[in-house]
Amino acid sequence: MKLAIVGGGPAGLYLSILLKRQDPAHDITVYERNPAGSTYGWGVTYWAGLLDKLRAGDPESAAAVAEASVTWNDGVAIVRDERTVHRGDAGFGIGRRRMLALLADRAGELGVRVEFEHDISGADAPELADADLVVAADGVKSVLREAHAGHFGSEVVSGRNQYIWLGTTKVFDSFSFAFKETAHGWIWCYAYGFSGERSTCVVECSPETWTGLGLDTRGETDSLRFLEKLFHDLLDGQELIGRDRADDAAQWLTFRTLTNRVWHRGNLVLLGDAAHTTHYSIGAGTTLALEDALALADALRSSTDLDTALTLYGKRRRAELVSAQSAARYSAQWYENLPRYMRLEPARMFALLGQRHSPLLPHVPPQLYYRIDRAAEQLEPLRRLKRWLGPRLARATHGRR
C-alpha cells in the first residue's frame, strides 16, 4: 500500500515503523509541519506494561526508548508545608523530543520517508490524492478530521481549571506534588523527571485562583518567577523553564477532552489525539496513542479489506478506551473539586489522590471513604461492594442530570 501519515508525533511515527516491519514494500511517508526537534512539551510518562507491548511491536525502538528513560517508584506530596510519601508502582519518564528523535531515526532506518516542515493544509492536499490509506495523526486540532467533522461526530468538552506545562532544572527522582493554599484558593503542581538534567512541571488551579493571583495578566517571565517562589520547597531553588518568550503572556490552557463517534471515513483514519484525548492527570496520553498504532497495525494485518480493517480498529479501540476515559474524567473532577479533600490530614489526602479514579469517591464524604477504603483492604466483601456501588451511583447521578 501507499500510506500518507499526517503528523510526526509518537503515534504517527510508531505506526510507520510497525507497518514497514509488516511489509517492507509499503510506500510510507510521514508529513510533519514542524522542523525536526522543535516539539513543544517536556517529558512524557508511561508504565512497564507499555514497554512490553512496544517490545512485541518493534524490539529495536523499544530498547532505545527504555535506555533513554528514567524511572521512579514513589510519589511525594507537599501539602501546605508537610511532606508525605506514598509507595507505588514503577513509572518511567522520557523527554518528548528524545522519544520523537528515536522513533524518527528508526522509521528512517526501515525506509520510511519522514518529511519535516511539510504542512498538509487539508484533506484535498495533492500529497494525499493517490494514497491507499491516509492517517490523521495531526493532533486534537486535526485539519483532516475537521474537514469531515460531521461524519466523525466529534465532541469537545473543555475542563474548568487552568493549567500550564513547564520544565525545570530540578531533577525529580519520584513523581511529586505540591499543594499551596493562597488567599485566592489552592494552586498545585505535578512534577516528574524525564532525563538526568530536566523534569516536567504542570501547574494547575481553578479559574478564580488564576485571576485572583493575577496569573491571567502576567507575562511569561513574571509568571515563572512568581511560581518559583510559590513552589520553592518543591523546586529546591531551581528554576522553571517556559517557551523563551519573555514578553508574551504565559501559555495557560484549559484541557479539551475530545471524543469521536466513528474513527474512519473511506480511506481516512484517525489516530492518537486526533481521535481522542484523556486528561493529563492520568499520564496516559502517549501510551494510548501508541496503543492506537499497535491496534491499527494489527487490524490492517488481519484483514485485506481496508474498510473492514478500519471498522474493526475503531470498534476495538473505542471499547478499550472506556476505562481510561472514565478514569480521566474522575481524575479531572477530583482536581476541580480539590477543596473538598484538603481538610484531610496530608497522608489521608494523598491516599485519596491515589483513589481519584473511583466512581464512588465523589458520592461519599472523604473521611468516610478513607475509612471504607482502609477496611476494604482487609475485607473482600467490602471490596466487592465498592466495585459494585460506585458505577451504579455514578449512573444514577448522571441520569438525574
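Just so we're clear, the structure is a prediction, and the values are computed from it rather than from any experiment. (Residues numbered from 1 in each chain as written. Predicted model: local features only at pLDDT ≥ 70, side-chain atom pairs only at ≥ 80, totals over all residues. Heavy atoms only, no water.)

Student: An account of the environment of Ala324 is requested, with residue identities and associated values reported.
Tutor: Within the secondary structure, Ala324 sits in helix α11 (residues 306-336). A C-alpha to C-alpha distance of 7.4 Å links Ala324 and Thr278, two positions 46 residues apart in sequence. When neighbours within four sequence positions are excluded, Ala324 is seen to be in contact with Thr278, Ile282 and Leu288. (Helix = DSSP H or I, 4+ residues; strand = E, 2+ residues; numbered from the N terminus. Contact = heavy atoms within 4.5 Å.)

Student: How would you explain the nonpolar core if you had to name every residue and give the values?
Tutor: Formed by 65 residues in total, the largest nonpolar core has its most connected members in Tyr14 and Leu15. Ranked by the residues each element gives to this core, the list is headed by helix α10 (residues 285-302), at 10 residues. Aside from chain neighbours lying at most four places away, what touches Leu15 is Ile5, Val135, Leu271, Ala293, Leu296 and Ala297. (Core = buried A, V, L, I, M, F, W, Y, C linked by side-chain atoms within 4.5 Å. Buried < 20%, exposed > 50% of the residue type's maximum accessible area, 1.4 Å probe, protein only.)

Student: Please set out the side chain of Asp233 residue by residue, giving values where relevant.
Tutor: With respect to the helices and strands, Asp233 occurs in helix α9 (residues 232-235). Among the polar contacts made by the side chain of Asp233, one reaches the side chain of Lys180 at a distance of 2.7 Å. Excluding residues that lie within four positions of it along the chain, Asp233 makes contacts with Ile78, Arg80, Asp81, Arg83 and Lys180. (Polar contact = N/O pair within 3.5 Å; in protein donor to acceptor, adjacent residues only side chain to side chain.)

Student: So what about the packing of aromatic side chains? Which residues, and what values?
Tutor: In the structure shown here, the tally under the stated rule is 19 aromatic pairs. Between Phe255 and Tyr280, the ring centres sit 5.7 Å apart and the planes meet at 70°, which makes this aromatic pair edge-to-face. Separated by 25 residues along the polypeptide, Phe255 in the loop between β13 (240-241) and β14 (256-259) and Tyr280 in the loop between β16 (268-270) and α10 bring together distant segments of the chain. With relative accessibility at 13%, the residue Phe255 sits in the buried group. Here the basic side chain of Lys170 rests over the ring of Phe172, its NZ or CZ set 5.5 Å away from the ring centre. (Phe/Tyr/Trp six-rings, centres within 6.5 Å; stacked < 30°, edge-to-face > 60°. Lys NZ or Arg CZ within 6 Å of the ring centre and 35° of its normal.)

Student: Kindly report on the packing of helix α1 (residues 10-22) against α10, identifying the contributing residues and their values.
Tutor: Packing of α1 against α10 brings their axes to within 9 Å, and their N-to-C directions diverge by 30°. Here α10 runs roughly parallel to α1, going by the angle between their axes. You can see that α1 and α10 cross each other, and the crossing is right-handed. Contact residues: Pro10, Ala11, Tyr14, Leu15, Leu18, Leu19 and Gln22 in α1; Thr286, Ala289, Leu290, Ala293, Leu294, Leu296, Ala297, Asp298, Leu300 and Arg301 in α10. (Axes fitted to C-alpha atoms, helices over the stretch in contact; angles between N-to-C directions. Parallel < 35°, antiparallel > 145°, perpendicular 65-115°, else oblique. Left-handed = near helix turned anticlockwise from the far one by under 90°.)

Student: So, the sheet that holds strand β9 (residues 162-168): which residues are in play, and what are the values?
Tutor: With mixed pairing, 8 strands are arranged side by side in an open sheet as β3-β5-β4-β10-β11-β12-β9-β13. Since the sheet does not close on itself, it has two edges, and those belong to β3 (43-47) and β13, each with one partner. As defined by bridge partners, strand β10 (residues 175-182) adjoins strand β11 (residues 185-193) across 7 bridges and the pair is classed as antiparallel. Of the residues in β11, the one forming a bridge with Lys180 is Ile187. (Pairing = 2+ DSSP bridges.)

So yeah, pure geometry; function would need other evidence.
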